[in-house]
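One letter stands for each residue in the lines below.
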Amino acid sequence: MSIPAIDLMTALRSGHSTSPRLTWYGPDAERVELSGRVLDNWVAKTSNLLQDELDAEPGMRLRLDLPAHWKSMILALAAWQLGMEVVLGSAEAELLATESPDAGQEHGGFDAVIAVPLPALAMRWPGELPSGVVDFAAEVRSHGDVFMAHEDPEGSNRAIVSSAGTLHPHSDLLEGFAAAHDAGVRLLVRAGDGLEAALVQSLGAWHRGGSVVLVHPDVIVTDKLLSDERVQGG
């Protein structure tokens with residue numbers, strides 16, 4: 001069975017697959033640009049990591065203890081492609097992805113913890129990790145660029161619960177949770193507004209064949225940046 005997240009990834013790797021879909025501006029002059037094909041590859045690798053190494057399956061929950069960032073967007077898309085529920089905030093979950101794995105271990109109650117280093121060029125976690133914690137940067141690259149689910153997801157399962165308490169099933173992810181945007185929009189998304197807002201805006205842009213420029217709070221959004229990236233609005 002197909003769900004909207006799977007259809008979205010199919011669209012991103014198909015038409016205009018070499019066009020930018022997610023551009024990240026981060027600290028220390030970071031700029032990461034992912035085409036539709038490359039974004040899909042990252043999501044596929046991450047879905048394979050979740051499924052093959054951590055036994056993730058439809059209906060399981062992944063808590064994202066992460067800021068709005070290109071890697072957290074990939075983790076959310078990967079979880080949704082699997083038919084998992086993305087958890088924001090402190091709700092219970094089976095899996096945890098975090099930039100603070102020591103704190104995650106202290107919380108307990110997770111089947112697995114994924115340490116996510118945020119610097120763009122990080123090839124592995126800087127330093128030692130607690131026993132059993134998965135190093136996202138070191139492990140994800142070894143997984144395949146094509147994702148094949150072991151189990152079909154259900155559209156009626158939860159995809160996310162918004163901060164307002166609204167439950168969105170997978171079947172409603174792109175029509176109910178995602179924001180409405182014009183077709184082909186090149187959208188500025190400010191990471192300082194939080195991960196939920198970034199997901200809402202980005203899903204809406206991608207659903208309409210558009211692309212996203214995600215900007216870290218420490219990066220000044222100048223007229224030159226807007227012009228160089230051909231951002232609409234700003």
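Data block above holds the structure.
Residues numbered from 1 in each chain as written. Predicted model: local features only at pLDDT ≥ 70, side-chain atom pairs only at ≥ 80, totals over all residues. Heavy atoms only, no water.

Enquirer: Please clarify how the packing of helix α2 (residues 36-54) against helix α3 (residues 70-82) should be interpreted in this entry.
Expert: Angle between the axes and distance between the axes are the two parameters that describe a pair of packed helices. Taken N-terminus to C-terminus, the directions of α2 and α3 make an angle of 60 degrees; their axes are 8 Å apart at the nearest point. Read as a crossing pair, α2 and α3 show a hand that is right-handed. Residue-level contacts link L39, W42, V43, A44, T46, S47, L50 and Q51 of α2 to W70, I74, L75, L77, A78, A79, Q81 and L82 of α3. (Axes fitted to C-alpha atoms, helices over the stretch in contact; angles between N-to-C directions. Helix = DSSP H or I, 4+ residues; strand = E, 2+ residues; numbered from the N terminus. Left-handed = near helix turned anticlockwise from the far one by under 90°. Contact = heavy atoms within 4.5 Å.)

Enquirer: Which parts of the structure should I look at to understand the packing of aromatic side chains?
Expert: In this description, a pair of aromatic rings is defined by centroid distance and the angle of the planes. As enumerated under the stated definition, the model contains two aromatic pairs in all. Relative to W70, the ring of W42 lies with its centre 5.2 Å away and its plane at 85 degrees, an arrangement referred to as edge-to-face. One end of the pair, W42, is in helix α2; the other, W70, is in helix α3, and 28 residues separate them in sequence. For the pair shown, W42 and W70 are each scored as buried. Ring geometry for W80 versus F177: centroids 6.3 Å apart, planes at 65 degrees, classification edge-to-face. (Phe/Tyr/Trp six-rings, centres within 6.5 Å; stacked < 30°, edge-to-face > 60°. Buried < 20%, exposed > 50% of the residue type's maximum accessible area, 1.4 Å probe, protein only.)

Enquirer: What exactly am I supposed to notice about the layout of surface pockets here?
Expert: A probe matching the size of a water molecule, rolled over the atoms, marks out where space remains unfilled. Size it by volume and the largest pocket reaches roughly 260 Å³. Contributing to the lining of the largest pocket are 16 residues, with I6, R13, Q81, F147 and M148 lying nearest its centre. Secondary-structure elements contributing two or more residues to the lining of the largest pocket are α1 (4-12) and α2. Looking at side-chain class alone, the lining of the largest pocket contains nine nonpolar, three polar and four charged residues. (1 Å grid on protein atoms, 1.4 Å probe; cavity = no way out; pocket = protein on both sides within 12 Å on 5 of 7 lines; lining within 4 Å. Points joined across faces, edges and corners; volume = space filled by probe spheres on them. Nonpolar A, V, L, I, M, F, W, Y, C, P; charged D, E, K, R; others polar.)

Enquirer: Would you explain the pattern of salt bridges in this entry?
Expert: Close approach of charged atoms allows side chains of opposite charge to pair. Taken as a whole, this structure holds eight salt bridges when the rule is applied. For R13, the salt bridge identified is with D40, shortest N-O distance 3.1 Å. Taken as a pair, R13 in the loop between α1 and β1 (20-26) and D40 in helix α2 lie far apart in primary sequence, 27 residues in all. Given a relative accessible area of 38%, R13 falls into the partly exposed group. A salt bridge links E229 to R186; the nearest nitrogen and oxygen atoms lie 2.7 Å apart. Residue E229 is found in helix α8 (residues 223-229), and its partner R186 is found in strand β10 (residues 186-190); the two are separated by 43 residues along the sequence. For the residue pair E229 and R186, the accessibility class agrees, reading buried in each case. (Salt bridge = Lys/Arg side-chain N within 4 Å of Asp/Glu carboxyl O.)

Enquirer: Can you help me understand the sheet that holds strand β2 (residues 30-35) in this one?
Expert: Whenever strands of a sheet pair, they do so through backbone hydrogen bonds, lying parallel or antiparallel. With mixed pairing, the four strands of this open sheet are ordered in space as β2-β1-β11-β10. A single partner strand is all that each edge strand has here, and the edge strands are β2 and β10. The average undirected angle you get between the axes of adjacent strands in this sheet is 15 degrees. Bridge count between β1 and strand β11 (residues 211-215): four bridges; the pairing is parallel. Along β11, the bridge assignment pairs W24 with L214. Contacts from α2 reach β1 and β2, with the element oriented near 95 degrees to β2. (Pairing = 2+ DSSP bridges.)

Enquirer: Sorry, what's going on with α2 here?
Expert: Because an α-helix completes one turn every 3.6 residues, residues spaced three or four positions apart along the sequence face the same direction. Taking 1.5 Å of rise per residue, 19 residues should cover 27 Å, and α2 covers 26 Å from first to last C-alpha, within 8% of that figure. Most of α2 sits inside the fold, with 14 of its 19 residues counted as buried. Once α2 ends, the next one or two residues include D55, with phi positive near 60 degrees. (Expected span 1.5 Å × (residues − 1).)

Enquirer: I tried to follow the environment of A183 on my own but got confused; where do I start?
Expert: Relative to the helices and strands, A183 is located in the loop between α6 (173-177) and β10. Here A183 falls in the exposed class, since its relative accessible area comes to 55%. In the structure, A183 is positioned 13 residues away from E196 in sequence and 22 Å away in space, judged by C-alpha atoms.

Enquirer: Can you help me understand unusual backbone geometry in this one?
Expert: Excluding glycine, residues mostly have negative phi values, and the peptide bonds linking residues are mostly trans. The phi dihedral of D55 is positive, around 60 degrees, even though this residue is not glycine. If you check the backbone angles, R230 has positive phi at about 55 degrees while not being a glycine. Mapped onto the elements, R230 comes out in the segment after α8. For R230, a relative accessible area of 69% puts it in the exposed group.

Enquirer: Looking at this structure, how should I read the nonpolar core?
Expert: As a rule of thumb, soluble globular proteins bury nonpolar side chains together. Membership of the largest hydrophobic core comes to 64 residues, with the highest contact counts inside it found for L50, W80, L203 and W206. Broken down by element, this core gets its largest block of residues, ten residues, from α3. For W206, the contacting residues outside a window of four places in its chain are L8, L12, R21, L22, L39, M73, L77, S211 and V212. (Core = buried A, V, L, I, M, F, W, Y, C linked by side-chain atoms within 4.5 Å.)

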